[in-house]
Each structure stands twice: as C-alpha cells, then as structure tokens.
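Single-letter residue listing:
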Amino acid sequence: MSTARTKDDYRKQVYDFLKDIYVVCPACGRQAIVLTPELSAGKKNEQEIKLICAKCGHNKRLDEKPDSVIHTTPYKTMTGKYTIIGGTIDPYFHLPLWFTAKCGDHILWAYNYEHLDFLYGHVEAKLRERNIQEMKNKSLGSRLPKWMTSAKNREMILKALTQLKNKK
Ligand SMILES: [Zn+2]
C-alpha cells in the first residue's frame, strides 16, 4: 500500500478522532463502524471495542478477533492484538477505512465525519490564509501533511473530501 508518505504527518492529530471509525464491512462491503470507548493513555478494553454493521447486522468484539502474529523468530512466535494508528485501515480490526480517496500520488483518508470536517476546515483555512505568512506556523493546519495544504492540491483535496462526505 502506498500509505507510507502520509503516515507520519497524519499521526500527529488522528488521536482526536478515534472514537467512531467508519470502515468497509467485511461481510457486505457497505459502511460499518468500529466503536471504541474513551481511550486513556493507550489503555483499551478489548470487549468494549466493537465492529458493527447496521446494513447487514455483522458485528464483532475485538476480543473475538483472532490474534495476529506480532513477531516471529526461528525459536518462537509472538501473537496478540496490536493497534495501527495512521494508515488507511482502522487501528483495531485492521479493516479498510470507509473514507479513503486517491489524490494524485497520495491517499486521503479519514476515520469519521468529524475527521473529514477537520481536514476540510484546515485545508479551506489554508486557502484563505495563503497571504498571511505569520499564521502559517501557528495554525493547527500546519500539522497537516504538506501535500494537503500545498496550493496546487487544495482544490482537489476539498473536492475529494466533499465526495467522501457524501459517500453512501
Ligand atoms: Zn455489513
């Protein structure tokens, strides 16, 4: 997957958007949701993290998901659950995110509607602030990857975000 480029910059702010995560339902391919309880200091309760599809009724708790291989050496294999933050998959079940779109060489992705709005708001703000140099580094938007806020991509990204928001 070509997500490597976006990973680092994205990771800085995605923790704010981990509450509800929209994913592609593994059973029917429509929009499903991963519900997570309030996360505190990286602690999570596996029984409270659930995958629910309102379309086909598929649902699963994280503790029902088989363990993944975390590390293998010739002598032993470590298995368990691991969390992936900052990619085009959800952190827990590792299912493809519902909100992903190809934007030029990059992949635009968001966990939920709030996250889409956040991205939209900041890219749009960059569009308005383009002549105000001093705002650049202070605004939250400076935490976004450069390709998202670069002048030549902004229109394309706003369009893609709007399309994602209306994705059925
Ligand atoms: Zn489903």
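Residues numbered from 1 in each chain as written. Predicted model: local features only at pLDDT ≥ 70, side-chain atom pairs only at ≥ 80, totals over all residues.

A.B. asks: Can you help me understand the overall build of the protein chain in this one?
C.D. replies: The helix and strand inventory of the protein chain stands at five helices and eight strands. Secondary structure elements of the protein chain occur, N-terminal to C-terminal, as α-β-β-β-β-β-β-β-β-α-α-α-α. Relative to its full complement of 168 residues, the protein chain shows a buried share of 23%. In the protein chain, of all internal contacts separated by at least 6 residues, the share reaching a separation of at least 24 is 53%. (Helix = DSSP H or I, 4+ residues; strand = E, 2+ residues; numbered from the N terminus. Buried ≥ 20, exposed ≤ 12 C-beta atoms within 10 Å, placed from the backbone. Contact = placed C-beta atoms within 7 Å.)

A.B. asks: Sorry, what's going on with the pairing of strand β1 (residues 20–24) here?
C.D. replies: Looking along a regular strand, one sees side chains alternate from face to face of the sheet. For β1 and strand β2 (residues 31–35), the ladder comprises five bridges, and the chain directions are antiparallel. In the strand pairing of β2, Val23 is matched with Ala32. What sits between the antiparallel neighbours β1 and β2 is a turn of six residues, in which Gly29 has the positive phi angle 80°. (Pairing = 2+ DSSP bridges.)

A.B. asks: Please clarify how the nonpolar core should be interpreted in this entry.
C.D. replies: Nonpolar side chains tend to gather and get buried jointly when the protein is soluble and globular. One finds Tyr22, Val23, Leu97, Phe99 and Ala110 to be the most contacted residues of the largest nonpolar core, which totals 28 residues. Contributing elements (two or more residues each) for this core: β1, β2, β8 (106–110), α2 (113–128) and α5 (151–165). When near neighbours in sequence (up to four residues on either side) are disregarded, Ala110 contacts Phe99, His115, Leu116, Leu119 and Leu164. (Core = buried A, V, L, I, M, F, W, Y, C linked by C-beta atoms within 7 Å.)

A.B. asks: Sorry, what's going on with the confidence of the model for the protein chain here?
C.D. replies: Low pLDDT marks regions whose predicted coordinates should not be analysed in detail. For the protein chain, mean pLDDT is 81; residues scoring 70 or higher make up 79% of the total. For the stretch residues 1–9, pLDDT sits under 50, and the model shows 13 contacts to residues farther than four places along the chain or on other chains. (pLDDT = per-residue confidence, 0-100.)

A.B. asks: Help me out: how do you make sense of unusual backbone geometry in this one?
C.D. replies: A negative phi angle is the norm for most residues apart from glycine, just as the trans form is the norm for most peptide bonds. One non-glycine residue, His94, adopts positive backbone phi at about 60°. Topologically, His94 is positioned in the loop between β6 (77–80) and β7 (99–103).

A.B. asks: So what exactly am I meant to see when it comes to the environment of Leu97 here?
C.D. replies: Tracing the sequence through the fold places Leu97 in the loop between β6 and β7. In this structure, Leu97 is in contact with Tyr22, Val23, Thr88, Ile89, Asp90, Trp109 and Tyr111, ignoring residues within four places of it in sequence.

A.B. asks: How should I be thinking about the sheet that holds β1 in this particular structure?
C.D. replies: Strand pairing in a sheet takes place through backbone hydrogen bonds and is either antiparallel or parallel in direction. Read across the open sheet, the four strands follow the order β1-β2-β3-β4; overall the sheet is antiparallel. Where the open sheet ends on each side, the last strands, each with one partner, are β1 and β4 (59–61). Adjacent strand axes in the sheet meet at a mean angle of 20°, parallel and antiparallel pairs treated alike. Bridge count for β2 against strand β3 (residues 50–52) is three bridges, and the pairing is antiparallel. Within β3, the residue paired with Val34 across the bridge is Leu51. (Axes fitted to C-alpha atoms, helices over the stretch in contact; angles between N-to-C directions.)

A.B. asks: What's the story with the pairing of strand β5 (residues 68–72) in this structure? I'm lost.
C.D. replies: Here β5 lies mainly on the outside; zero of its five residues are buried. Sheet topology note: the β5/β6 ladder contains four bridges and is antiparallel. Its bridge partner lying in β6, His71 is registered against Met78. Adjacent in sequence and paired antiparallel, β5 and β6 are bridged by four residues.

A.B. asks: What is the right way to read α2 from this model?
C.D. replies: An α-helical turn contains 3.6 residues, so a residue and the one three or four places further along point in the same direction. Between its first and last C-alpha, α2 extends 22 Å over 16 residues, near the 22 Å set by a 1.5 Å rise per residue. Residues of α2 that are buried: His115, Leu116, Phe118, Leu119, Val123 and Lys126. Buried residues of α2 fall within an arc of 160° about the axis and therefore sit on the same side. On its buried face, α2 is in contact with β7, β8, α4 (146–149) and α5. (Expected span 1.5 Å × (residues − 1). Arc of directions from axis to C-beta.)

A.B. asks: Help me understand the packing of α2 against α5 in this model?
C.D. replies: When two helices pack together, their arrangement is given by the angle between the helix axes and by the axis-to-axis distance. Direction vectors running N to C along α2 and α5 enclose 155°, while the axes themselves pass 10 Å from each other. With respect to α5, the axis of α2 lies roughly antiparallel. Judged by the twist between their axes, the crossing of α2 over α5 is left-handed. Within the contact between the two elements, α2 uses Tyr113, Leu116, Leu119, Tyr120, Val123, Glu124, Lys126 and Leu127 and α5 uses Arg154, Ile157, Leu158, Leu161, Leu164 and Lys165. When its residues are assigned to classes, the contact of α2 with α5 shows 10 nonpolar, no polar and four charged. (Parallel < 35°, antiparallel > 145°, perpendicular 65-115°, else oblique. Left-handed = near helix turned anticlockwise from the far one by under 90°. Nonpolar A, V, L, I, M, F, W, Y, C, P; charged D, E, K, R; others polar.)

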